[in-house]
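Fold and geometry: a report
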Amino acid sequence: ATKRAACLIGWPAAHSRSPLIHHYWLRQLGIEGGYSIEAVPPEGFAEFVLHLKSHGYIGANVTIPHKERALQLTEPDARARAVGAANTLYYDGEVLRSTNTDVEGFIGNLDASAPGWDRTAHALVLGAGGSSRAVVFGLLERGIGRIALANRSIERAQALRDLFGDRVVPIAWSDIPAALPGAGLLVNTTSLGMKGQPPLPIDLSALPADAVVADLVYVPLETDLLAAAKARGLRTADGLGMLLHQAVRGFDLWFGARPHVTAELRALVEADLLGHT
Ligand code: SKM
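So, a few notes on the structure that sits alongside this text.

1. Describing the site of the ligand
Residues in contact with the ligand, as listed here, are Leu8, Ser16, Ser18, Asn61, Thr63, Lys67, Asn87, Asp102, Tyr218, Leu243 and Gln246. The contact in question runs from an oxygen atom of the ligand to an N or O atom on the side chain of aspartate 102, over 2.7 Å. Within the side chain of glutamine 246, a nitrogen or oxygen atom sits 2.9 Å from an oxygen atom of the ligand. Starting from 310 Å² of accessible surface for the ligand in isolation, the protein chains cover 91%. Among the residues forming the shell around the ligand, the class breakdown is 3 nonpolar, 6 polar and 2 charged.

This is the structure in structure tokens:
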């Protein structure tokens, strides 16, 4: 049998742990396949996607900064269209379709890490970029009452309100402290706290005692934000959990088997991250 392979297209892309995840599942399920990394700059992205098959791929994940552009170059499903970004591409015959699995990645990880989180009425989401769209879409779909959305440029937060409706309430970055006491769920979708970036300048002591804190950053595995939340005894959901959960449906679409996010897989990626950070 010929080896079927998918890839991650990003710029930069070398840091990704997706190959480790997909290779693990291929091995577990006894499927002959591959998953590689393709560092493709923005100016080369359209050509690469339009010829994905001739580059040897049956599908792809797409990451920063290509997720919005991917939507325009493929046949997106309703979810990718609603989120405004695609991260998973797959062929349906000759047609290259796309979807967004970041939504279920975020929500699936939150369900697994903090059962009952959805009983909260109010969330505070930091950042209004591509991953924030997936988070906001998922929270609204799960029935959250109100999302205070803080972004350093408030225009981008307002754009999400225009897209998703009045349950999204843009707030100024300087109003975060005032929003903390009412937030049952705090989500960081910015790159603050990532290795090489400054930490999020937020004091969590004003959050309710039963609040849940989620961070999309996974290098380092435990950001200062998550460490502070744990020190306060709050429940947390981390970026690695989201990365694992978003990978499931892509694997199924490409290789035809639904894999599982197991403790063993998580431990494997964790060990790799700790060895490299
Ligand atoms: O949406 C995901 C993408 O599918 C894979 C990825 C990665 O490998 O770093 C990150 C996210 O953007």
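2. Looking at the sheet that holds strand 7 (residues 122-126)
A sheet is described by the order of its strands in space; here 6 strands give the open sequence 9-8-7-10-11-12, paired in parallel fashion. Among the strands making up the open sheet, the edge pair consists of strand 9 (168-172) and strand 12 (235-237). For this sheet, the mean inter-axis angle between neighbouring strands, taken without regard to orientation, is 20 degrees. Helix-sheet contacts for helix 5 (residues 102-113) involve strand 10 (185-188), strand 11 (212-215) and strand 12, and the interaxial angle to strand 12 is about 150 degrees. On the sheet, helix 9 (residues 224-231) packs against strand 10, strand 11 and strand 12 and is oriented at approximately 165 degrees with respect to strand 11.

Definitions and limits used
Residues numbered from 1 in each chain as written. Predicted model: local features only at pLDDT ≥ 70, side-chain atom pairs only at ≥ 80, totals over all residues. Heavy atoms only, no water. Near = heavy atom within 4 Å. Polar contact = N/O pair within 3.5 Å; in protein donor to acceptor, adjacent residues only side chain to side chain. Areas by Shrake-Rupley, 256 points an atom, 1.4 Å probe, with all protein chains shown as cover. Nonpolar A, V, L, I, M, F, W, Y, C, P; charged D, E, K, R; others polar. Pairing = 2+ DSSP bridges. Helix = DSSP H or I, 4+ residues; strand = E, 2+ residues; numbered from the N terminus. Axes fitted to C-alpha atoms, helices over the stretch in contact; angles between N-to-C directions. Contact = heavy atoms within 4.5 Å.

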